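# Structure assessment
This is what each chain is made of:
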Amino acid sequence: MLKIGVLISGRGSNLQSLIAACAASGFPAQIACVISNKAEARGLDHARAANIPALVISHRDYADRPAFEAALDAALAQHQVQLVCLAGFMRILTAWFTERWRDRLINIHPSLLPAFPGLDTHQKAIDYGSKLTGCTVHFVRAEMDHGPIILQAAVPVFPEDTEETLSARVLKAEHKAYPTALRLIADNRVNVFEERTFISDVPASDEALFSPPKL
Ligand code: GRF
């Protein structure tokens, strides 16, 4: 059983998808703790409802980023966390933390990286005229929304999409993508080599995804 720690700042719908996945029998990971930097994060309630230790470590209680990250690190160690999953965690992590947890720290981002890093990804995809967007699960490096890609899921962008309709479609994909990526890691199937990941035993499908649909 891989022990994971989930870092959140808000709603926690991805946390919920991880809680549900870990609750299924035979899933190779368990959530050792959930940490939020915000006391009001709704995701904390999901953790408490599932009897998972839910901690608040507010960045406001620390003099600087290193002190805040040292507190995060200590809490993760205390709960014997082996892999950290960022799930809507809205603090930038320093190179000290990302190196300390190198290849043991993952994030989900709501675009097909390297397209649209940062915030407002759905509006950016709409404004750009992208016909496909999606989500990316990746190992975290010091550079924001950057690092070896573990898995991506693509969804179509429809002409009538708004930020709301598109984010809902992507979020649905996120809720499948994050548990899938976690399972791959927990099953020891993900290797990082020269900043790319290699996943073992993947059935090959070379079918293209069309948006708009193929005629
Ligand atoms: C998700 O869209 C995730 O991709 C991004 O932040 C959002 C968090 O949503 N990193 P939730 O808190 O998991 O509902």
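Not measured: the values here are computed from a predicted model. (Residues numbered from 1 in each chain as written. Predicted model: local features only at pLDDT ≥ 70, side-chain atom pairs only at ≥ 80, totals over all residues. Heavy atoms only, no water.)

A tally of regular secondary structure across the chain gives six helices and nine strands. Its C-alpha radius of gyration of 17 Å places the chain within 12% of the 17 Å reference for a compact globule of 215 residues. Principal-axis analysis of the C-alpha atoms places the extent of the chain at approximately 55 × 35 × 35 Å. Within the span of the chain, comprising 215 residues, buried residues form 47% of the whole. By sequence separation, contacts in the chain at least 24 residues apart represent 64% of the contacts at least 6 residues apart. Element-wise, carbon and sulfur atoms account for 53% of the exposed surface of the chain, whose accessible area totals about 11400 Å². (Helix = DSSP H or I, 4+ residues; strand = E, 2+ residues; numbered from the N terminus. Rg over C-alpha atoms; globule rule 2.2 N^0.38 Å. Buried < 20%, exposed > 50% of the residue type's maximum accessible area, 1.4 Å probe, protein only. Contact = heavy atoms within 4.5 Å. Areas by Shrake-Rupley, 256 points an atom, 1.4 Å probe, with all protein chains shown as cover.)

Moving on: the domain arrangement of the chain. Considered domain by domain, the chain is made up of domain 1 (1-101) and domain 2 (109-200). One C-alpha centre belongs to domain 1, the other to domain 2, and the line joining them spans 20 Å. Facing 22 residues of domain 1, the contacting portion of domain 2 comprises 15 residues. Carbon and sulfur atoms make up 73% of the surface buried where domain 1 meets domain 2, a total of about 1500 Å² over both sides. When the buried area of domain 1 at its contact with domain 2 is split by residue, Asn14, Phe27 and Pro28 rank highest and sum to 28% of it. (Domains from an automatic or database assignment. Buried area = accessible area lost by both parts, 1.4 Å probe.)

To continue, consider the packing of aromatic side chains. What the rule picks out here adds up to five aromatic pairs. Taken together through their ring pairs, the aromatic side chains of Tyr62, Phe68 and Phe89 make up a single cluster. Above the plane of the ring of tryptophan 101 lies arginine 104, whose end atom (NZ or CZ) is 4.3 Å from the centre. (Phe/Tyr/Trp six-rings, centres within 6.5 Å; stacked < 30°, edge-to-face > 60°. Lys NZ or Arg CZ within 6 Å of the ring centre and 35° of its normal.)

Turning our eyes to something else, we now look at the sheet that holds strand S3 (residues 54-56). Hydrogen bonds between backbone atoms are what pair the strands of a sheet, whose relative direction is either parallel or antiparallel. Strands sit in the order S3-S2-S1-S4-S5-S6-S7 across an open sheet of seven strands; the sheet is mixed. Looking at which strands have only one partner, the edges of the open sheet turn out to be S3 and strand S7 (149-156). Within this sheet the neighbouring strands show an average axis-to-axis angle of 20°, counted without direction. Here seven bridges tie strand S1 (residues 2-8) to strand S2 (residues 29-36), and the two strands are oriented parallel to one another. Bridge assignment links glycine 5 to a residue of S2, and that residue is cysteine 33. (Pairing = 2+ DSSP bridges. Axes fitted to C-alpha atoms, helices over the stretch in contact; angles between N-to-C directions.)

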